[in-house]
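# Breakdown of the fold
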Amino acid sequence: MAEAVQIGRAAKLAGVSVDTIRFYQKLGVIKSATRSAGGYRLFSGEQIHDLKFVRQAQELGFSLAEVKELLALRQKHHACSEVQSMLKRKLGDVGEKIKSLARLETDLAGALRNCNRDLRLKREIKHDDCCPLLKRLGRMNGSNGNRHAASGRKTAKQ
């Protein structure tokens, strides 16, 4: 692409919104666009390439700060070891997130089992007592945020 395009066309070509482009420029993730005589932002092929790069890096889970780093590393020779280090950190972060989500899944499944059990045991449910989970969550307000209170598991503090 030899000729510069306005922001709307650049957004379409890069697969992002106009607001996203403005946000990236404000944060300095991408270079500021030149302006036409009428004041419109004009984007070069290189800038559109950078926008696509940012979008794809974010799809891999990189933060905007990390994307800025990656963009800078593109300009360096022999940047592979630095990129590899970033990938290792990101992979570690993903592993931790997976563990956290597995714990959340376990807690939610336990809360659902407790709800089902409590509802089976209480044939005559009064309106104030209709949802065991809501009742437990209401009691959690005074429990210093004990994360296992909703699942009904005992902890040292209970």
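This text follows the structure it describes.
Described below are features of the structure shown in this document. Remember, predicted model here, so these are calculated numbers, not experimental data.

## Topic: the sheet that holds strand 1 (residues 5–6)
Picture the strands of a sheet paired through backbone hydrogen bonds; they go either parallel or antiparallel. Pairing within the open sheet is antiparallel, and its 3 strands lie in the order 1-3-2. Pairing within the sheet leaves two strands with one partner each, and these edge strands are strand 1 and strand 2 (34–35). Judged from the 2 bridges that link them, strand 2 and strand 3 (residues 41–43) form a sheet pairing that is antiparallel. When the bridges of strand 3 are listed, R35 appears paired with R41.

## Observations concerning the pattern of salt bridges
According to the stated counting rule, one finds 7 salt bridges in the structure shown. For the salt bridge of R22 with D19, the shortest nitrogen-to-oxygen distance reads 3.5 Å. Within this pair, R22 and its partner D19 are both found in helix 2 (residues 18–27), separated by 3 residues, close to a single helical turn. Residue R22 is classed as partly exposed on the basis of its relative accessible area, which comes to 39%. A salt bridge links R55 to E59, with the shortest nitrogen-to-oxygen separation between them at 3.3 Å. Within this pair, R55 and its partner E59 are both found in helix 3 (residues 45–59), separated by 4 residues, close to a single helical turn.

## Considering the environment of G28
Within the element layout of this structure, G28 appears in the loop between helix 2 and strand 2. Taking the C-alpha atoms as reference points, G28 and K68, 40 residues apart in sequence, are found 8.2 Å from one another.

## Focus on the packing of helix 3 against helix 4 (residues 64–74)
Two elements in contact, helix 3 and helix 4, have axes whose closest approach is 10 Å; the angle formed by their N-to-C orientations is 130 degrees. By the angle between their directions, the pair helix 3 and helix 4 is classed as oblique. Crossing handedness for the pair helix 3 and helix 4: right-handed. Facing helix 3, whose interface residues are H49, D50, F53, V54, A57 and Q58, helix 4 presents L64, V67, L70, L71 and R74. Classifying every residue of the contact of helix 3 with helix 4 by side-chain character gives 7 nonpolar, 2 polar and 2 charged.

## Comments concerning helix 2
When helix 2 is considered as a whole, its buried residues turn out to be I21, Y24 and Q25. The buried residues of helix 2 occupy an angular sector of 100 degrees when the element is viewed end-on, so they sit on one face. Within helix 2, the exposed residues directed more than 90 degrees away from the buried face are D19 and K26. Buried residues belonging to helix 2 abut helix 1 (7–14), strand 3, helix 3 and helix 4. Among the residues trailing helix 2, G28 stands out with phi positive, at a value near 80 degrees.

The rules we used
Residues numbered from 1 in each chain as written. Predicted model: local features only at pLDDT ≥ 70, side-chain atom pairs only at ≥ 80, totals over all residues. Heavy atoms only, no water. Pairing = 2+ DSSP bridges. Helix = DSSP H or I, 4+ residues; strand = E, 2+ residues; numbered from the N terminus. Salt bridge = Lys/Arg side-chain N within 4 Å of Asp/Glu carboxyl O. Buried < 20%, exposed > 50% of the residue type's maximum accessible area, 1.4 Å probe, protein only. Axes fitted to C-alpha atoms, helices over the stretch in contact; angles between N-to-C directions. Parallel < 35°, antiparallel > 145°, perpendicular 65-115°, else oblique. Left-handed = near helix turned anticlockwise from the far one by under 90°. Contact = heavy atoms within 4.5 Å. Nonpolar A, V, L, I, M, F, W, Y, C, P; charged D, E, K, R; others polar. Arc of directions from axis to C-beta.

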